Amino acid sequence: MHSIHRLLGNSANSSAWENCFMCSRRRRRSTNHWAMAKLACVSFLVSSVSLGQRVVTATANIPFDFWAEGQKFAAGEYIFDSGFPGSTSIRRKGTKLAVGVPIIPYGDPVKKEDARVVFVLRDGKYCLVEFWGILDRRVVTAEFDRRGQTTAGHREVLLSYP
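Cut-offs used in this document
- Residues numbered from 1 in each chain as written.
- Predicted model: local features only at pLDDT ≥ 70, side-chain atom pairs only at ≥ 80, totals over all residues.
- Heavy atoms only, no water.
- Buried < 20%, exposed > 50% of the residue type's maximum accessible area, 1.4 Å probe, protein only.
- Helix = DSSP H or I, 4+ residues; strand = E, 2+ residues; numbered from the N terminus.
- pLDDT = per-residue confidence, 0-100.
- Contact = heavy atoms within 4.5 Å.
- Pairing = 2+ DSSP bridges.

### A closer look at unusual backbone geometry
Item 1. Backbone geometry places glutamate 69, a non-glycine residue, at a positive phi of 55 degrees.
Item 2. Residue classification places glutamate 69 among the partly exposed positions, given a relative accessible area of 44%.
Item 3. In the Ramachandran plot, aspartate 123 falls in the positive-phi region, its phi being about 55 degrees despite a non-glycine side chain.
Item 4. Along the chain, aspartate 123 falls in the loop between strand E7 (116-122) and strand E8 (125-132).
Item 5. The exposure class assigned to aspartate 123 is exposed, which follows from its relative accessible area of 79%.

So this is what it looks like as structure tokens:
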């Protein structure tokens, strides 16, 4: 603190500069503490979510073209992965590109033999609406208001687990 007195040359102004310097130093220290506290909270939340989330992978051979998240998927064998909270990823077997579909869990899990993917015919297109799996029943977020409704164009495809 004495070096500030020498630089300024007069003691009247030096006490104001000294107070400003000390406030700035306290503010930086306080900000560092808050940053560390925020980082600890985020890492705790991420670790608790990742520990609580079970990754389950299932496959389905879908014999028709379908739509999910505004994207068309050709008929074929697909892999459904529940590795991310709040979504299920879909990818065609043999490819690495996946599309995440936002979901809302809404029901109890089903037995392995009852697991399925549900599609509804809308405007001449089959749209993915629900997953019934061993973790829970999930509805595609955009379809939440219409969950459980069946229509004439309703189709279900069985899921198989490794």
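### Regarding the confidence of the model for the protein
Item 1. Looking at the protein, the pLDDT average stands at 77 and 64% of residues meet or exceed 70.
Item 2. Within the protein, strand E1 (residues 57-62) carries the highest mean pLDDT (96), whereas helix H1 (residues 2-8) carries the lowest (50).
Item 3. This model gives residues 43-51 a pLDDT under 50, and the stretch forms 1 contact once residues within four places in sequence are excluded.

### Considerations on the pairing of strand E4 (residues 76-84)
Put simply, side chains in a regular strand alternate between the two faces of the sheet.
Item 1. Judged from the 6 bridges that link them, E1 and E4 form a sheet pairing that is antiparallel. When the bridges of E4 are listed, alanine 60 appears paired with tyrosine 78.
Item 2. Relative to strand E5 (residues 87-92), E4 is paired through 5 bridges, and the arrangement is antiparallel. Across the sheet, the residue bridging to phenylalanine 84 is serine 87, located in E5.
Item 3. Counted along the chain from E4 to the antiparallel partner E5, the turn is 2 residues long, and its residue glycine 86 has a positive phi close to 80 degrees.

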